[in-house]
Amino acid sequence: MKLDHHTKKKVHFMDAIITGSDATQAARLDSLRRFYAAFSTGDAAELDEALTADWDEEPRNQGQDPGREPMKQFIAGVRQALPDLTIEIKEVVFGDQKVAVRAEMRGTHTADFFGVPATGRPYAIRLHEFHSFEGSQIAYTWHLEDWFGFLSQIGAWPVAPGGDEA
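Scope of this entry: the structure provided in the associated data block. Once a new chain begins, its residue numbering starts again from 1 and follows that chain's sequence as written. Local features in a predicted model are, by the rule used here, given only for residues with pLDDT of at least 70; side-chain atom pairs are given and counted only at 80 or more, and totals for whole chains, interfaces and linings are based on all residues. Each side-chain value is derived from all of the structure's non-hydrogen atoms; neither hydrogens nor water enter the calculation.

1. A look at the packing of helix H1 (residues 23-41) against helix H3 (residues 68-81)
Step number 1: The interhelical angle for the contact between H1 and H3, taken along N-to-C directions, is 40 degrees, at an axis separation of 8 Å. Each of Ala38, Phe39, Ser40 and Thr41 in H1 lies in contact with H3, whose residues at this interface are Met71, Phe74, Ile75 and Arg79.
Step number 2: Across the contact of H1 with H3, the residue classes tally to five nonpolar, two polar and one charged. Axis geometry follows a simple rule: fit a line to the C-alpha atoms, using only the stretch in contact for helices, then measure angles between N-to-C directions, giving values from 0 to 180 degrees. By the criteria applied, helices consist of DSSP H or I runs no shorter than four residues and strands consist of E runs no shorter than two, each listed in order from the N terminus. Note on contacts: a residue pair is in contact if any heavy atoms of the two residues lie within 4.5 Å. Charged means Asp, Glu, Lys or Arg here, nonpolar means Ala, Val, Leu, Ile, Met, Phe, Trp, Tyr, Cys or Pro, and polar covers whatever is left, Gly included.

2. Re the environment of Ile87
Step number 1: Examined against the element boundaries, Ile87 turns out to sit in strand E4 (residues 86-94).
Step number 2: Put simply, Ile87 and Phe39 are 48 residues apart on the chain and 7.0 Å apart in space, counted from C-alpha to C-alpha.
Step number 3: With sequence-adjacent residues up to four places away left out, Ile87 is seen in contact with Tyr36, Phe39, Ser40, Ala103, Glu104, Met105 and Leu127.

3. A look at the packing of aromatic side chains
Between two aromatic rings, the relevant description is the distance of the centres plus the angle of the planes.
Step number 1: Each Phe, Tyr or Trp ring, with Trp reduced to its six-membered ring, pairs with another whose centre is within 6.5 Å; inter-plane angles below 30 degrees give stacked pairs, above 60 give edge-to-face pairs, and intermediate values give tilted ones. Evaluation of the coordinates by the stated rule reveals twelve aromatic pairs.
Step number 2: With a centroid separation of 5.7 Å and an interplanar angle of 75 degrees, the aromatic rings of Phe35 and Phe39 are classed as edge-to-face. Here Phe35 pairs with Phe39, and both are found in helix H1, just four residues apart, close to one helical turn. Here Phe35 and Phe39 have matching classes, each one buried.
Step number 3: With centroids separated by 4.9 Å and ring planes inclined at 85 degrees, the aromatic side chains of Phe114 and Trp147 adopt a geometry described as edge-to-face. Within this pair, whereas Phe114 is found in the loop between strand E5 (98-108) and strand E6 (122-134), its partner Trp147 is found in helix H4 (residues 147-153), the two being separated by 33 residues in sequence.
Step number 4: The buried label applies to any residue whose accessible area, calculated with a 1.4 Å probe on protein chains only, is under 20% of its type's maximum; exposed applies above 50%, and partly exposed to all values in between. Classification of Phe114 by relative accessible area gives partly exposed; the value is 47%.
Step number 5: A residue is classified by how much of its surface remains accessible, and Trp147, at 24% relative accessible area, is partly exposed.
Step number 6: By way of ring pairs, the aromatic residues Phe113, Phe114, Tyr123, Trp147 and Phe150 are connected into one cluster.

In structure tokens form, the structure reads like this:
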């Protein structure tokens, strides 16, 4: 992406790089911080400010309906399995209609997750996400997490063959 140096600039903010600096972008960055903070702190009330009431995602978590309330329940479940989970925003790039986020999730696998019993092992995986907004709130999220990296780091990948496959 080429930057117009007369109207846009790169600003270092925390660990994020933001292209541009207008009030809409600042409000959207605040929503992004709140969204990821909900995972990092378990304070799902952050989603009330960050997400539209009918927020949706792709891919959607299995059995989860659209909306911020189902996401609050999802975060509570994730925090039970991964209580020290943190998400650090590494980079934010603003486009005309969407925002791209590169982040890192870290923690310790201390309870059953993905059907894998607790291993006590640390993990650090990458997140790459795109968000669209209605005003300053996130309306839709496309996300991709490195879950194979997670499973590998906790010792659950590759999966050992079972039964007669050995």
